[in-house]
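Spelled out from the first residue to the last, the chains are:
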Amino acid sequence: MLKAREAVLSTPSYHPPLAGRVGLRLDFNENTDSCSPRVLRRLQRVGSQDLAKYPEREPVEEITADFLKVKRNEVLLTNGVDEAIHLLCQTYLDPGDEAIIVVPTYSMYAIYTKAAGGELIRVRAAEDFSFPLTAVMKAVTSRTRLIALANPNNPTGSVVSNDEMLALAHAAPQAALLVDEAYFEFYGTTILERRREAANVFVARTFSKAYGMAGLRLGVLIGDGEQMRVLRGVSSPYNVNALALACLPEALADQSYVAEYVAEVLEGRQRLEHALEERGVQFWPSRGNFVLMRAGHSKMDAALFSEQMRNEGILVRDRSADEGCEGCVRITIGRREHVTRLLQTLALDQLAGTQGAWRR
Ligand code: PMP
């Protein structure tokens, strides 16, 4: 009988709650509004020839490399950052090799590691979710072949310094160090310019968040030219579809759209954090477009809170199942009016008498 590989069968599946997402989308850290109007105009000009032909990635890769100020052979466009993570696992993990992640973090590092037959080493973040450099250093062995860090981290919003990441990269030269900068635009700090200090550092960026193009599935991986040649060799030459490739130059050219959206998000994050502080609700200061807050002390509290918000037409993400996040929900920050609606609804909840459950 046909049977999948053991590593695949034992990989926990990840089913993001995508069904029935009706309401204000504060649950997936997407742009809560839209992409640049220039992207939409380009999409409207797509013709039958664009669809009939296989997509050509290289010219758009050149534009992206120039935009990022890196060499052209250092860049690979991917089907979202998810594909970049997948490719790194496929390229560097033999069965039994170790991949280190710092939990809680983004789920796909664990899934692609397991599916490749890798051994997952989960290092717990500190109580306040700060980066546990000493513990991560201690977890490095000769079998460590991948270290995946989200910076800023999802769902905590915490960050790691470039010096710490480079120290780690030097301590584990046999491992690929992925710095997942999916939320870079909201943080503003990157390791990109210092990446060449260690040949094993990879940087990933996405167009799913600030750029508002999650549906197009577009990410970029940057790394040492020689390593990227190998990764390119195992990726599909058509991994990024023609519509995404047509739109990317327009998205990159409209930096004022991104800057204006990011400014609104940063202001909104401050408004939410201030409101939570005033009401004595525990939260973790975030450098991303989201805030993790405590809705209570049990899974039930977080589920109830999320349900109440859904009834008010606002979708938030229950993160209770994540390590150290019992009773917590993650709320995406979006446009000014979306934050206003969120704050009004949070106040309504309080009036409804739920504050007892989510007080510190
Ligand atoms: N990395 C992190 C840290 C994320 O939070 C997410 C999305 N939730 C992704 C990667 C996935 O990005 P993409 O849509 O580009 O696959």
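Located above this text is the structure these notes cover.
Residues numbered from 1 in each chain as written. Predicted model: local features only at pLDDT ≥ 70, side-chain atom pairs only at ≥ 80, totals over all residues. Heavy atoms only, no water.

**Student:** What am I meant to see in the site of the ligand here?
**Tutor:** As a matter of local geometry, the ligand sits amid 14 residues, with Asp180, Tyr183, Thr206, Ser208 and Arg217 nearest to it. Within the side chain of asparagine 154, a nitrogen or oxygen atom sits 2.8 Å from an oxygen atom of the ligand. The separation between an oxygen atom of the ligand and a polar side-chain atom of arginine 217 is 2.7 Å. For the ligand, whose unbound accessible area comes to 400 Å², protein coverage reaches 92%. Among the elements that make up the shell around the ligand, the one with the highest residue count is helix H5 (residues 80-92) (three residues). Partitioning the shell around the ligand into residue classes produces six nonpolar, four polar and four charged. (Near = heavy atom within 4 Å. Polar contact = N/O pair within 3.5 Å; in protein donor to acceptor, adjacent residues only side chain to side chain. Areas by Shrake-Rupley, 256 points an atom, 1.4 Å probe, with all protein chains shown as cover. Helix = DSSP H or I, 4+ residues; strand = E, 2+ residues; numbered from the N terminus. Nonpolar A, V, L, I, M, F, W, Y, C, P; charged D, E, K, R; others polar.)

**Student:** Looking at this model, I keep getting lost on the side chain of threonine 206. Mind explaining?
**Tutor:** Here threonine 206 is to be found in strand S7 (residues 201-206). Overall, threonine 206 belongs to the buried group, its relative accessible area being 5%. Separated by 3.0 Å, the side chain of threonine 206 and the backbone nitrogen of serine 208 make a polar contact. Not counting residues up to four positions away in its chain, the partners in contact with threonine 206 are Val81, Ala182, Glu185, Tyr211, Leu218 and Gly219. (Buried < 20%, exposed > 50% of the residue type's maximum accessible area, 1.4 Å probe, protein only. Contact = heavy atoms within 4.5 Å.)

**Student:** Is there a simple way to think about the sheet that holds strand S2 (residues 75-78) in this case?
**Tutor:** Backbone-to-backbone hydrogen bonds join strands into a sheet, with any given pair of strands oriented parallel or antiparallel. Pairing within the open sheet is mixed, and its seven strands lie in the order S2-S8-S7-S6-S5-S3-S4. The open sheet is flanked by S2 and strand S4 (119-124), the only strands paired with a single partner. The mean inter-strand angle of the sheet, taken between neighbouring strand axes irrespective of direction, is 20 degrees. Summarising the sheet, strand S6 (residues 176-180) and S7 pair through four bridges and their orientation is parallel. Paired with valine 179 across the strands is valine 203, a residue of S7. (Pairing = 2+ DSSP bridges. Axes fitted to C-alpha atoms, helices over the stretch in contact; angles between N-to-C directions.)

**Student:** Got a minute to help me understand the layout of surface pockets in this structure?
**Tutor:** Once rolled over the atoms, a probe with the size of a water molecule shows which space is left empty. Taken as a whole, the largest pocket spans an internal volume of roughly 540 Å³. For the lining of the largest pocket, a count of residues per class yields 12 nonpolar, seven polar and nine charged. If you count residues domain by domain, the lining of the largest pocket takes at least three from each of domain 1 (20-30 + 256-353) and domain 2 (37-253). In this structure, the second largest pocket encloses a volume near 330 Å³. Forming the walls of the second largest pocket are 18 residues, and the residues nearest its centre are Thr105, Ser107, Ala110, Arg122 and Glu323. With three residues, the top contributor of residues to the lining of the second largest pocket is helix H6 (residues 108-115). Here the lining of the second largest pocket is built from residues that sort into nine nonpolar, three polar and six charged. The two domains that each donate at least three residues to the lining of the second largest pocket are domain 1 (20-30 + 256-353) and domain 2 (37-253). (1 Å grid on protein atoms, 1.4 Å probe; cavity = no way out; pocket = protein on both sides within 12 Å on 5 of 7 lines; lining within 4 Å. Points joined across faces, edges and corners; volume = space filled by probe spheres on them. Domains from an automatic or database assignment.)

**Student:** Help me out: how do you make sense of the sheet that holds strand S9 (residues 283-284) in this one?
**Tutor:** In space, the four strands of this open sheet follow the order S9-S10-S13-S12, with antiparallel pairing throughout. Each of the sheet's edge strands pairs with one partner strand only, and the pair in question is S9 and strand S12 (317-318). By the bridge criterion, five bridges tie strand S10 (residues 290-294) to strand S13 (residues 328-332) in an arrangement that is antiparallel. Following the sheet pairing, leucine 292 is matched in S13 by arginine 330. Contacts from helix H12 (residues 255-279) reach S9 and S10, with the element oriented near 10 degrees to S10.

**Student:** Would you mind going over the pairing of strand S3 (residues 98-103) with me for this structure?
**Tutor:** Regular strands place their side chains on alternate faces of the sheet. The element S3 is extensively covered by neighbouring structure, given that six of its six residues are classed as buried. Side chains of S3 alternate between two faces, with Glu98, Ile100 and Val102 and Ala99, Ile101 and Val103 buried alike. Note: S3 against S4, six bridges, orientation parallel. Residue pairing for S4: glutamate 98 is matched across the bridge by glutamate 119. At this point the chain moves from S3, through H6, to the parallel S4, and the crossover so formed is right-handed. Inspection of the sheet shows S3 paired to strand S5 (residues 144-150) by four bridges, in the parallel sense. Looking at the pairing, isoleucine 100 lines up with isoleucine 147 of S5. (Right-handed = clockwise from strand over helix to strand, strands pointing away.)

**Student:** Even after reading the chapter, I still don't get the environment of threonine 156, so can you show me in this structure?
**Tutor:** Checked against the element boundaries, threonine 156 lands in the loop between S5 and helix H8 (162-171). Separated by 16 residues in sequence, threonine 156 and valine 140 have C-alpha atoms that sit 23 Å apart. Contacts of threonine 156, omitting those with residues within four sequence positions, involve Pro104, Phe129, Trp284, Pro285, Phe290 and Leu292. In terms of polar contacts, threonine 156 uses its side chain to reach the side chain of asparagine 153, at 3.2 Å. A polar contact of 2.9 Å, which involves the side chain of threonine 156, links it to the side chain of serine 158.

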